[in-house]
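# Results of the structural survey
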Amino acid sequence: MLTMSVQNDRIIIDGLREAAAEMPAAIRRGLTTAAIGVHGQTFDKLSGAKGPAGEYPVPVVTGHLRRLLDWLKPGASKSGEAGTFSAGEMSTVVFDSASYAFAIHEGKGSSTKFGARPFLSDGFDQFNEGDKIVSILNDEIAKTMKESLA
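The text that follows walks through the structure, step by step, so that each part is easy to find. Not measured: the values here are computed from a predicted model.

Reading the values: the criteria
- Residues numbered from 1 in each chain as written.
- Predicted model: local features only at pLDDT ≥ 70, side-chain atom pairs only at ≥ 80, totals over all residues.
- Heavy atoms only, no water.
- Pairing = 2+ DSSP bridges.
- Helix = DSSP H or I, 4+ residues; strand = E, 2+ residues; numbered from the N terminus.
- Phe/Tyr/Trp six-rings, centres within 6.5 Å; stacked < 30°, edge-to-face > 60°.
- Buried < 20%, exposed > 50% of the residue type's maximum accessible area, 1.4 Å probe, protein only.
- Lys, Arg positive; Asp, Glu negative; His and termini not counted.
- Salt bridge = Lys/Arg side-chain N within 4 Å of Asp/Glu carboxyl O.
- Polar contact = N/O pair within 3.5 Å; in protein donor to acceptor, adjacent residues only side chain to side chain.
- Contact = heavy atoms within 4.5 Å.

## Re the pairing of strand 5 (residues 83–86)
Strand direction decides the pairing type here: strand 4 (residues 77–80) and strand 5, joined by four bridges, are antiparallel. If you follow Ser79 over to strand 5, its bridge partner there is Thr84. Hairpin connection of strand 4 to strand 5: two residues between the antiparallel strands.

As structure tokens, this is what we get:
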């Protein structure tokens, strides 16, 4: 908790060490909120109407690509068809572990004829319009600072 005291001609603000120790938790909360939002937007990019192959948003045929779309909280790991995904203590990861997700995203391999359908990049960009992620992180830090002042 931040404290303020007046000593003669000085105002002393103390307790920043405790507030700073709470900041990683605020950052992790903000990153988690952002990951959930990016995941939702990305899910929409994988929810196209069943139609001809190569359309975008990616048409749902079996639902496998959507089913393997996931996200990780800071510090978590998870394995899937495409390998193991890990988030650092101060990062989060939105991923699709379908073995063919990269080919669709980048327009490689069997998806070359359709071109890139960058569902992950587009999901991030759409969620982050107007620097929404920075705003989320700033809000979490402000809440933590307000709580530490109380």
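## Regarding the packing of aromatic side chains
Overall, the coordinates contain one aromatic pair when judged by the stated rule. With centroids separated by 4.2 Å and ring planes inclined at 15 degrees, the aromatic side chains of Phe85 and Phe95 adopt a geometry described as stacked. Of this pair, Phe85 sits in strand 5 while Phe95 sits in strand 6 (residues 93–96), placing them 10 residues apart in sequence. Assessed through its relative accessible area of 18%, Phe85 is described here as buried. In this structure Phe95 comes out as buried when scored by relative accessible area, which is 4%.

## A word on the side chain of Asp96
Tracing the backbone shows Asp96 in strand 6. Look at Asp96: it is buried, it has no salt bridge, and the nearest opposite charge is Arg66 at 9.0 Å. Side-chain polar atoms of Asp96 contact the backbone nitrogen of Ala98, separated by 3.0 Å. If sequence neighbours within four positions are ignored, Asp96 has contacts with Leu46, Leu65, Leu68, Leu69, Phe85, Ala101 and Phe119.

## Overview of the pattern of salt bridges
In this structure the tally under the stated criterion is three salt bridges. The salt bridge partner of Glu140 is Arg29, with a shortest N-O separation of 2.8 Å. Here Arg29 lies in helix 1 (residues 16–45) and Glu140 lies in helix 5 (residues 132–149), a separation of 111 residues in the sequence. On the basis of relative accessible area, Glu140 is assigned to the buried category, the value being 10%. In this structure Arg29 comes out as partly exposed when scored by relative accessible area, which is 37%. One salt bridge connects Glu140 with Lys143, and the closest N-O pair in it is separated by 3.3 Å. Of this pair, Glu140 and Lys143 both sit in helix 5, three residues apart, which is roughly one turn of the helix. Judged by relative accessible area, which is 44%, Lys143 ranks as partly exposed. Ionic contacts of the salt-bridge type, sharing partners, join the residues Arg29, Glu140 and Lys143 into one network.

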